[in-house]
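Per-entry structural report
This is what each chain is made of:
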Amino acid sequence: MKAIARPTRQLVRMRGRSFVAFVFCPVVPIVAWLEEIDATLGHSPDFFIGKPVVLDLSAVDLSQPAIVHLVTSLEQRNIRVLGIEGVDAAHLTTSMPPLLTGGRHCVLTHNEPKKPEAKPKPMSLLLESPVRSGQSVVFAEGDVTVLGSVGSGAEIVAGGSIHIYGTLRGRAMAGVNGNSTARIFCQKIEAELLAIDGYYQTAEDISATLRNRPAQAWLEGNTMKITPLN
C-alpha cells in the first residue's frame, strides 16, 4: 500500500506597511465643495491621479445615497477613495470603500521647484568697440566705459560716470538720474557736448587749450569744470 503524500501548506505571509494619504474633509454645500475640487484640477489635472485619498465625513451628516453619490463624483474626476472615516459603519455598504479608524495626522510638505535667483542688474557697461556716428548708448543704471572712440554725432548717456579710452568727438551725458558726483573722462576731448546732472557745455564753451588732450569734467556747485588729466 502506497502512502499518499499530503500537499505542503503554503503559509500566508503578511506584512505591515503604512502609506501617506490625502484626507478630504467635505463641507456643505457639497456642490460648492466639488466646485473647489474642480478649480484645483483646472490648474493641475493630474495632481490626484495615483494618490490614495481618504474621505473624512465627520464635518457633514450625509445619508447613504449621498455618500455613494459623493464617492462616485470623485471617481468621475479620477480621484480614487481608499477609505472613509468619521461616519457610522451603518451608513456604508460592502460596495463602498471600507471604514478606516485610527488614522493619525501628519504634515505634508509641498516641494516646489526653486525659482532661479534674480541676477542683480549690472552697475557698469563696458563697450569694447568704438561708438560710431549716429549710434546712441543709454545706460541709466551706472557707469559706461568705452575702450574705443566716440564718433561725431554719437552719444553716450549714463546714470553714473563715463570713461572713454579714445577720442570723444560726440556727446557725453553723465549723471542723468540726478547724480551730481558723476564725472566724464576721455583720452582726447573734441566733444560736441558734455553734460553732468543736466548742466552742460557745448563745443564752443570748451577751451581750445583742452583740445586733443586727456581731460575730465565734473560739477562744482552749478558749474561744470573741465581740466586736463596731465
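Residues numbered from 1 in each chain as written. Predicted model: local features only at pLDDT ≥ 70, side-chain atom pairs only at ≥ 80, totals over all residues. Heavy atoms only, no water.

1. Remarks on the side chain of D56
- Considering the arrangement of structural elements, one finds D56 in strand β2 (residues 53-56).
- Within polar-contact distance, the side chain of D56 engages the side chain of S58 at 2.8 Å.
- What D56 contacts, discounting residues up to four positions off in sequence, is V23, F24, C25, P26, E85 and G86. (Helix = DSSP H or I, 4+ residues; strand = E, 2+ residues; numbered from the N terminus. Polar contact = N/O pair within 3.5 Å; in protein donor to acceptor, adjacent residues only side chain to side chain. Contact = heavy atoms within 4.5 Å.)

2. A closer look at the pattern of salt bridges
- All told, the structure shown has 5 salt bridges when counted by the stated rule.
- Residue R77 is joined to D38 by a salt bridge in which the shortest nitrogen-to-oxygen separation is 2.6 Å. Residue R77 is found in the loop between α2 (64-76) and β3 (81-85), and its partner D38 is found in helix α1 (residues 30-43); the two are separated by 39 residues along the sequence.
- Note on D38: relative accessible area 34%, which makes it partly exposed.
- Across the pair K225 and E220 runs a salt bridge, and its minimum N-O distance is 4.0 Å. (Salt bridge = Lys/Arg side-chain N within 4 Å of Asp/Glu carboxyl O. Buried < 20%, exposed > 50% of the residue type's maximum accessible area, 1.4 Å probe, protein only.)

3. A short note on the pairing of strand β12 (residues 199-202)
- Inspection of the sheet shows strand β11 (residues 193-196) paired to β12 by 4 bridges, in the antiparallel sense. Following the sheet pairing, I196 is matched in β12 by Y199.
- Connecting β11 to the antiparallel partner β12 that follows it, the hairpin turn spans 2 residues, and D197 within it adopts a positive phi of roughly 50°. (Pairing = 2+ DSSP bridges.)

4. Concerning a nonpolar patch on the surface
- A surface patch of nonpolar side chains, amounting to about 320 Å² of accessible area, comprises L126, L147 and Y165.
- Considering the arrangement of structural elements, one finds Y165 in strand β8 (residues 162-168). (Patch = residues over 30% accessible without salt bridge, like charges linked within 9 Å, V, L, I, M, F, W, Y side chains within 5 Å. Areas by Shrake-Rupley, 256 points an atom, 1.4 Å probe, with all protein chains shown as cover.)

5. Notes on unusual backbone geometry
- Residue P29 follows V28 across a cis peptide bond; omega there is -5°.
- Take P29: it is sitting in the loop between β1 (22-24) and α1.
- Unusually for a residue other than glycine, N78 sits at a positive phi of about 60°.
- The topology assignment puts N78 in the loop between α2 and β3.
- Here the phi dihedral of N212 falls at roughly 60°; this positive angle occurs in a residue that is not glycine.
- Checked against the element boundaries, N212 lands in the loop between β12 and β13 (215-220).
- Given the relative accessible area of 45%, N212 is considered partly exposed.

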